[in-house]
Amino acid sequence: MKHLTKRMSAAGLALCLTLSLAPGALAAGEDAPERGVLTYSEFIAPKYEDASAFYEGLAAVKQNGKWGYIDETGKTVIPFQYDLALQFSEGKAVVADLITEGEGEYAYEMYQLGLVDRSGSYTPLRYYYDDQGQFTVFPEDLDPDSLVFFHNGLLFMDLGYESSMFTPDGKMMETDLCPSGPLNEGLIPGWDYGMGYAGYMDAQGNTVKLFEEYEYFGPQTTTEWGETLQDFRYISNVLPFNQGLAPVWQATADATEYTETYKLGFMDTSFNWVIQPQYTAYYYAGVNSTYRLFGAAGLAMVQKDGKYGAINKSNQTVIPFQYDELWPVNEGLIVYKQGGKYGYLDTTGKVVIPAQYANASGFNMGMAVAYDGTKAFLIDRTGKAIEGADKLDPSIYFAEQPDGSQ
């Protein structure tokens, strides 16, 4: 599994990627761009200490040690007053204030969390069992890239060691399972607090399915101590539903060798296998929303025998398993890696832009960022470099393990 964490530096907010489809009002002496010509311009001058990308028209930015939010014109919408501010989703964002707990040598810092809406109205995040106390986490457990977002009306908060769900009024949900992903298509993936079994909950947090079964198979062997051993399979992890199918990991344990192997398959809403477990890795889109393996084109990018290809929901191979990387579809094009270089395919697997870049992003608004090993620049859907867009800082756009999600 690989995913993109896209961070913006102070310079990142200064760069506007625009598509000119019709002439607008221009100052005297300016030349109007041709209709349909991609242009590159600065729209917010670099002046922030840190910044996130824009979500729902707002970006979290840091100034003088505090975080606030600006709109796409650079206007401050929510004042700089928080010690941390995360992205907006479904009209709300998580913000944090750093507080000190304890005294003297026992003092330690924690984030106290709350929600802000677009007007800046604040709602504390509260434990379901303590209406007076706010939700707090250690600073190292929360950063601007944390998976904390609203989706389908519920806030999913992944802190690495434990995850939680909150309602829009800031109350923590009391769930049967520990959630491991967002609410999608009526179900929330999770795992049992006690035994660690994987399963699914409904939107109210009630268990719908718990995979407690172990499937034993093959011959039995008896150890010198009289212990009977037999290989077995079990469900080790489940992911959010997408287009009626859920990616599900199955572990196969070799009882005599004490080893396990893991394969990915897909189940329907009755929790029956539609695609038997056979894949070893995948790329997904919607990191901060739906967690999609099957995109709008109905393709899932999965790995088999060490190579990536694309399958449809009937498990037919649409793009052969011959790529080192194969990212989700963005605007009809797919980033692929072959021979150490990146290029682009269409949804039939035809090469649109040959593999020639040291790194590349998925397309957005008809443009993608390419990196040739020395500089980053914008390209259009034919691979043509966009004039004036060769000043991009590659660190803004390329994480260590991107997947092309926007």
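The structure displayed is predicted, hence computed values, not measured ones.

Calculation rules
Residues numbered from 1 in each chain as written. Predicted model: local features only at pLDDT ≥ 70, side-chain atom pairs only at ≥ 80, totals over all residues. Heavy atoms only, no water. Core = buried A, V, L, I, M, F, W, Y, C linked by side-chain atoms within 4.5 Å. Buried < 20%, exposed > 50% of the residue type's maximum accessible area, 1.4 Å probe, protein only. Helix = DSSP H or I, 4+ residues; strand = E, 2+ residues; numbered from the N terminus. Pairing = 2+ DSSP bridges. Salt bridge = Lys/Arg side-chain N within 4 Å of Asp/Glu carboxyl O. Phe/Tyr/Trp six-rings, centres within 6.5 Å; stacked < 30°, edge-to-face > 60°. Lys NZ or Arg CZ within 6 Å of the ring centre and 35° of its normal. Axes fitted to C-alpha atoms, helices over the stretch in contact; angles between N-to-C directions.

Draft legend 1. Quick peek at the nonpolar core. Grouped together as the largest cluster of nonpolar side chains are 29 residues, with contacts concentrated most on Tyr69, Leu113, Phe135, Leu142, Leu155 and Met157. Residue assignment for this core shows that the elements contributing at least two residues are strand E4 (58-63), strand E5 (66-71), strand E6 (76-82), strand E7 (84-89), strand E8 (92-101), strand E9 (108-117), strand E14 (147-151) and strand E15 (154-158). Formed by 25 residues, the second largest nonpolar core is a distinct cluster that contains Ala281, Leu333, Leu345 and Phe363.

Draft legend 2. Structural view of the sheet that holds strand E32 (residues 341-345). Strand order in the open sheet formed by four strands is E30-E31-E32-E33, with antiparallel pairing between adjacent strands. One side of each edge strand has no neighbouring strand; the edge strands of this open sheet are strand E30 (325-326) and strand E33 (351-357). Pairing analysis gives three bridges linking E32 to E33, with the strands arranged antiparallel. Directly across from Tyr344, in E33, lies its bridge partner Ile353.

Draft legend 3. Representation of the pairing of E8. Sheet topology note: the E7/E8 ladder contains four bridges and is antiparallel. Directly across from Phe88, in E8, lies its bridge partner Ala93. In the sheet, E8 pairs with E9 via ten bridges, with the strands oriented antiparallel. Residue pairing across strands places Glu101 opposite Tyr108, the latter belonging to E9.

Draft legend 4. Quick look at the pattern of salt bridges. Applying the stated criterion across every chain, the model contains six salt bridges. Its salt-bridge partner being Lys337, residue Glu325 comes within 4.0 Å of it at the nearest N-O pair. Highlighted residues: Glu325 in strand E30 and Lys337 in strand E31 (residues 334-338), separated in sequence by twelve residues. Given the relative accessible area of 9%, Glu325 is considered buried.

Draft legend 5. The arrangement of the pairing of E5 in detail. With five of its six residues buried, E5 lies for the most part within the structure. In the sheet, E5 pairs with E6 via three bridges, with the strands oriented antiparallel. Paired with Trp67 across the two strands is Tyr82, which belongs to E6. Between E5 and E6, which follow one another and run antiparallel, lie four residues, and Gly74 among them has a positive phi close to 95 degrees.

Draft legend 6. Up close: the packing of aromatic side chains. Evaluation of the coordinates by the stated rule reveals 25 aromatic pairs. Note on Phe149 and Phe156: the rings are 5.9 Å apart at their centroids and 70 degrees apart in plane angle, and the pair reads as edge-to-face. By relative accessible area, which is 3% here, Phe156 ends up buried. When the ring of Tyr279 is compared with that of Phe321, the centres are 6.1 Å apart and the planes differ by 10 degrees; the resulting orientation is stacked. Residue Tyr279 is located in strand E25 (residues 273-279), and its partner Phe321 is located in strand E29 (residues 317-323); the two are separated by 42 residues in the primary sequence. Taken together, the ring pairs in this structure connect Tyr200, Phe211, Phe241 and Phe271 into an aromatic cluster. When the ring centre of Phe217 is taken as reference, the NZ or CZ atom of Arg233 above it lies at 3.7 Å. The residue whose ring lies beneath Arg381 is Phe363, and the NZ or CZ to ring-centre distance is 6.0 Å.

Draft legend 7. View of the sheet that holds E14. The strand order across the open sheet built from three strands is E14-E15-E16, with neighbouring strands paired in antiparallel fashion. Each edge of the open sheet is held by one strand with a lone partner, namely E14 and strand E16 (163-166). Direction aside, neighbouring strands of the sheet carry axes that sit 15 degrees apart on average. The pairing of E15 with E16 spans four bridges and is antiparallel.

These figures capture arrangement, not role.
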